[in-house]
Every structure is written in structure tokens, then in C-alpha cells.
Amino acid sequence: MDDDSIEKAIVKSGAKLFVFDPIQAFIGDTAFVEIKANNGEPIKNGLIYGTVKGLKIDRETQKPIKGVLFGLFRADETEFTAEKAILTAQSDENSIFTFENIPLQTFSR
């Protein structure tokens, strides 16, 4: 695939990112390839990430509970097991649990 056909494929598909197969890149003659995408502007990660932090206490005694396993699930999940969880977190010695770097979306509790 030459430079012109790569550029034509990107323009035709409207791709914002074009990834070369690294194995294919090493087959044949060595060539310099310049990939132009997004009109030369950086491609920004539009995802928003956040953190969820909680404290687990006994409802009746109001005492902290350590070692409790929490799961984060997709909104449409119906089976709430550690295996089905997107992320799990365990409450620490202070009864605090944390999920970090979570992409913004709707989850089930």
C-alpha cells in the first residue's frame, strides 16, 4: 500500500485514527509513511473518567465494616457476582472502598 492509497482510504472512510498492522509494516522494502488524520490536529480522548469512593458501615451499630467486596456493574446486568462485575473493590481497614478511573456511563448498583 503506497502513501497515496493510504491517504485515499483515510479520506474515503472518514477515519479519525488509522492503525497499521506492525507485522505488515516489516514485510518488503523499508518505507517512510506519513499518516495524516484529523486535519493534523491532535486526537483528543473525549472520555471523562471519575472516582467513586464509599464508606461501609453497619446499619444498626453504625460501626465500620472492613473487607466487604463491592462490584460495579453495567446498568443492564442482572447477575451481581464478582465475575460479572466490571470492577471490584474491597473496603479497607478504615471501611473505605474506591473505584478509580471509571469512564462516565450509567451503572447498576
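Note that the coordinates shown come from a computational prediction; the quantities given were computed from them, not determined experimentally.

Calculation criteria
Once a new chain begins, its residue numbering starts again from 1 and follows that chain's sequence as written. Note on the predicted model: pLDDT of at least 70 is required for a residue's local features to be given, and 80 or more for side-chain atom pairs to be given and counted; whole-chain, interface and lining totals, by contrast, use all residues. Each side-chain value is derived from all of the structure's non-hydrogen atoms; neither hydrogens nor water enter the calculation. For Phe, Tyr and Trp, rings pair up if their centres lie within 6.5 Å, where Trp contributes its six-membered ring, and each pair is then called stacked (planes under 30 degrees apart), edge-to-face (over 60) or tilted (otherwise). Helix numbering and strand numbering both begin at the N terminus, where a helix is a DSSP run of H or I of at least 4 residues and a strand a DSSP run of E of at least 2. Only protein chains enter the area calculation, which uses a 1.4 Å probe; residues under 20% of their type maximum are buried, those over 50% are exposed, and those in between are partly exposed. Put simply, buried Ala, Val, Leu, Ile, Met, Phe, Trp, Tyr and Cys residues joined by side-chain atoms within 4.5 Å make one nonpolar core. Whether two residues touch is decided by their heavy atoms; if any such pair falls within 4.5 Å, the residues are in contact. Pairing of N or O atoms within 3.5 Å defines a polar contact, subject to two protein rules: one partner must be a possible hydrogen donor and the other a possible acceptor, and residues neighboring in sequence count only if both atoms are side-chain atoms.

1. Concerning the packing of aromatic side chains
One pair of aromatic rings is described through two measures. These are the centre distance and the angle between the planes.
Item 1. Under the definition given, this model contains 3 aromatic pairs.
Item 2. Summarising the aromatic geometry, the rings of Phe70 and Phe97 are spaced 3.8 Å apart at their centres and angled 15 degrees between planes, so their arrangement reads as stacked. Of this pair, Phe70 sits in strand β2 (residues 69-74) while Phe97 sits in strand β4 (residues 96-103), placing them 27 residues apart in sequence. Here Phe70 and Phe97 have matching classes, each one buried.
Item 3. Both rings, one in Phe97 and one in Phe99, keep their centres 6.0 Å apart while their planes meet at 75 degrees; by these two values the pair is edge-to-face. For the residue pair Phe97 and Phe99, the accessibility class agrees, reading buried in each case.

2. Some words on unusual backbone geometry
Item 1. Phi angles above zero are rare outside glycine, and Gln62 is one such case at about 65 degrees.
Item 2. Here Gln62 lies in the loop between β1 (49-55) and β2.
Item 3. Non-glycine residue Asn101 carries a positive phi angle of around 55 degrees.
Item 4. Positionally, Asn101 belongs in strand β4.

3. As for the nonpolar core
Side chains that are nonpolar tend, in soluble globular proteins, to be buried together.
Item 1. Counting 6 residues, the largest nonpolar core consists of Phe70, Leu72, Ala89, Phe97, Phe99 and Ile102.
Item 2. When contributions to this core are tallied by element, the ones reaching two or more residues are β2 and β4.
Item 3. Here this core takes 3 residues from β4, the largest share from any one element.
Item 4. With sequence-adjacent residues up to four places away left out, Phe70 is seen in contact with Lys56, Leu87, Thr88, Ala89, Ser91, Phe97 and Phe99.

4. Describing the side chain of Ser91
Item 1. Note that Ser91 resides in the loop between β3 (87-90) and β4.
Item 2. Given the relative accessible area of 5%, Ser91 is considered buried.
Item 3. Looking at Ser91, its side chain comes within polar contact range of the main-chain nitrogen of Val68, at 2.8 Å.
Item 4. Every residue in contact with Ser91, bar those within four places of it in the chain, is listed here: Ile65, Lys66, Gly67, Val68, Phe70, Ile96 and Phe97.

5. What about the environment of Lys63?
Item 1. Inspection of the secondary structure puts Lys63 in the loop between β1 and β2.
Item 2. Counting along the chain gives 32 residues from Lys63 to Ser95, while the straight-line C-alpha distance between them is 9.3 Å.
Item 3. Those residues in contact with Lys63, other than ones at most four positions away along the chain, are Lys56, Ile57 and Asp58.

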